[in-house]
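Topology and contacts: notes
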Amino acid sequence: LQAEGYLAKIEFDRVPYSPSVEFNLSQQEAAAIRDGFDLPYEVIRRLGADVQRNFLILNRIKKEAQTGAKMLVFGCSVDHAKLLANLLMAQGLKAAVVTSETRPDRRRQIIRDYRDTDEIQILTNYGVLTTGFDAPRTSVAVIARPTNSVVLYSQMIGRAARGVKAGGNSTCRVITVVDAIPGFRSMAEAFSYWDDIWE
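In what follows, the accompanying structure is described. Each chain carries its own residue numbering, running from 1 in the direction its sequence is written. Reporting in this predicted model follows two pLDDT cut-offs: at least 70 for local features of residues, and 80 or more for side-chain atom pairs to be given and counted; totals over whole chains, interfaces and linings ignore these cut-offs and use all residues. Each side-chain value is derived from all of the structure's non-hydrogen atoms; neither hydrogens nor water enter the calculation.

1. Examining the packing of helix α3 (residues 51–65) against helix α4 (residues 78–90)
Between α3 and α4, the shortest axis-to-axis distance is 11 Å and the interhelical angle comes to 55 degrees. Our classification of the angle between α3 and α4 gives oblique. For α3 against α4, the interelement crossing comes out right-handed. Along its contact with α3, which presents R53, N54, I57, L58, I61 and K62, the element α4 presents H80, L83, L84, L87 and L88. A fitted line through C-alpha atoms represents every axis, and for helices the fit uses only the stretch in contact; the resulting angles, taken between N-to-C directions, go from 0 to 180 degrees. Runs of E in the DSSP output that reach at least two residues are strands. Runs of H or I that reach at least four are helices, and both are numbered from the N terminus. Any angle from 65 to 115 degrees is called roughly perpendicular, while one under 35 is roughly parallel, one over 145 is roughly antiparallel, and all others are oblique. Note on convention: the crossing is left-handed when the near helix lies turned anticlockwise from the far helix by less than a right angle, right-handed when the turn is clockwise. Residues are treated as being in contact if the distance between any of their heavy atoms lies within 4.5 Å.

2. As for the pairing of strand β5 (residues 138–143)
Burial classes: relative accessible area under 20% of the type maximum marks a residue as buried, over 50% as exposed, and values in between as partly exposed (1.4 Å probe, protein chains only). Taking burial as the measure, the six residues of β5 include six buried ones, the bulk of the element. Two strands pair if DSSP finds at least two bridges between them. Relative to β5, strand β2 (residues 70–74) is paired through five bridges, and the arrangement is parallel. Along β5, the bridge assignment pairs F74 with I143. For β5 and strand β6 (residues 171–179), the ladder comprises four bridges, and the chain directions are parallel. When the bridges of β6 are listed, V142 appears paired with I175.

3. With respect to helix α5 (residues 104–116)
Expected helix span is taken as 1.5 Å per residue step, with the number of steps being one fewer than the number of residues. Look at α5: 18 Å from first C-alpha to last across 13 residues, which is about the 18 Å you get at 1.5 Å a residue. Inspection of α5 places I110, I111, D113 and Y114 among the buried residues, and these make up the whole buried set. Down the axis of α5, the buried side of the element spans an arc of 160 degrees, and every buried residue falls inside it. Along α5, exposed side chains directed more than 90 degrees from the buried face belong to P104 and R108. Buried residues along α5 sit in contact with β2, β3 (95–98), β4 (122–125) and β5. This arc describes the spread of directions from the helix axis toward the C-beta atoms.

Next up, the structure:
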């Protein structure tokens, strides 16, 4: 599909992050990770509130914004998606946010403005743009939401992977924040095993 132009060639990039010493897991959280479950919501929420982590994410988004790329950002939570969008807008970037809390009519308008105009360059979200969403001009996906779900990770990647023959781009970038949490294996690490295929 990549060779025929239906899928963009994907460049994977990682933003490594090690939470501070104070970022302790409870016994239940550690057990859930050990048993192969996805990160508990409370752990993900705490990551979304981590100031240093958000600083790294914002710097990376701003760097990508300078290239003129259309970007989708997948946040850790509703609050995290809102925080990132507000901080980006405060720095003069054309950003917006959609979440499950966004009114349906407002959500449609924001998505339309992102997809069809240059009024919005960066669209942050939580839990609403992984499926059933089509914005072929998207060329960068920033995955700031940790997951070990192949399905969820693939859906997030897919939002930026539309090829030229599908109305998209010849290449795209997938930037994933890789959190160094004991026992947790990010999907970004798993995808590195397939680097030969993507290349």
